[in-house]
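Each chain, letter by letter, is given below.
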Amino acid sequence: MLGSTERVQAVLDDVKTAPIPEAEKALFAFVDQLNDAPGDVRREDVERLKAAGWTDEAVYDAVSVCALFNFYNRWIDGTGVQGLSPAMYERSAKRMAAGGYLPAPPPGSPPPSSGGDPER
């Protein structure tokens, strides 16, 4: 989705009709369920992801990221930490698009290479 704000917006608007692969739609549906009704997640839900081509590791990573963002959101809400300015969000988005969650490379070093598609 990097480089396509339209595709990101389409996913946010309605993941079911967004122009993304079916495997990604399945993953987003799973994460929605994990957010909305975590106690209702069953082995069958994970098996659907695996049938869509996702590995155990990829499912584990998705659950971990979902859980961590839930934790961070509640921590921020509970402590009163303020969000960034729109300009800082834009700067952070550009940095993350270039290098993911890695720290910025030292000055003068080559940019990180793209790792290609996420592991499934």
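Everything that follows concerns the structure shown earlier in this document.
Keep in mind that this is a model prediction, so the values were computed, not measured.

The rules behind the values
- Residues numbered from 1 in each chain as written.
- Predicted model: local features only at pLDDT ≥ 70, side-chain atom pairs only at ≥ 80, totals over all residues.
- Heavy atoms only, no water.
- Salt bridge = Lys/Arg side-chain N within 4 Å of Asp/Glu carboxyl O.
- Buried < 20%, exposed > 50% of the residue type's maximum accessible area, 1.4 Å probe, protein only.
- Helix = DSSP H or I, 4+ residues; strand = E, 2+ residues; numbered from the N terminus.
- Axes fitted to C-alpha atoms, helices over the stretch in contact; angles between N-to-C directions.
- Parallel < 35°, antiparallel > 145°, perpendicular 65-115°, else oblique.
- Left-handed = near helix turned anticlockwise from the far one by under 90°.
- Contact = heavy atoms within 4.5 Å.
- Phe/Tyr/Trp six-rings, centres within 6.5 Å; stacked < 30°, edge-to-face > 60°.

Peer 1: In this structure, what is going on with the pattern of salt bridges? I would like to understand it.
Peer 2: Should their charged atoms come close, side chains of opposite charge can pair. Counted under the stated rule, the structure contains five salt bridges. The partner of Lys50 in a salt bridge is Asp56, and the shortest N-O contact between them spans 3.1 Å. The class for Lys50 is partly exposed, based on a relative accessible area of 33%. In this structure, Glu90 engages Lys94 in a salt bridge whose closest nitrogen and oxygen atoms are separated by 4.0 Å. In this pair, Glu90 and Lys94 are both assigned in helix H5 (residues 86-99), four residues apart and thus about one turn of the helix distant. Within this structure, Glu47, Lys50 and Asp56 form a network of salt bridges that share partners.

Peer 1: Before we go on, may I ask you to explain the packing of helix H2 (residues 22-36) against helix H3 (residues 43-51) in this structure?
Peer 2: Contact geometry for H2 and H3: axes closest at 9 Å, N-to-C directions at 160 degrees. In terms of orientation, H2 and H3 fall into the roughly antiparallel class. In this structure, H2 meets H3 at a crossing whose hand is left-handed. Across from Ala26, Leu27, Phe30 and Gln33 in H2, the residues of H3 making contact are Asp45, Val46 and Leu49.

Peer 1: Explanation requested: the packing of aromatic side chains in the structure shown.
Peer 2: We describe a pair of aromatic rings using the distance from one ring centre to the other and the angle between the two ring planes. Here the structure, examined in full by the defined rule, presents two aromatic pairs. Ring geometry for Phe69 and Tyr72: centres 6.2 Å apart, planes at 80 degrees, overall edge-to-face. Separated by three residues within a single helix, Phe69 and Tyr72 lie in helix H4 (residues 56-79), roughly one turn from each other. Taking the relative accessible area as the measure of exposure, Phe69 reaches 40% and is therefore partly exposed. Given a relative accessible area of 39%, Tyr72 falls into the partly exposed group.

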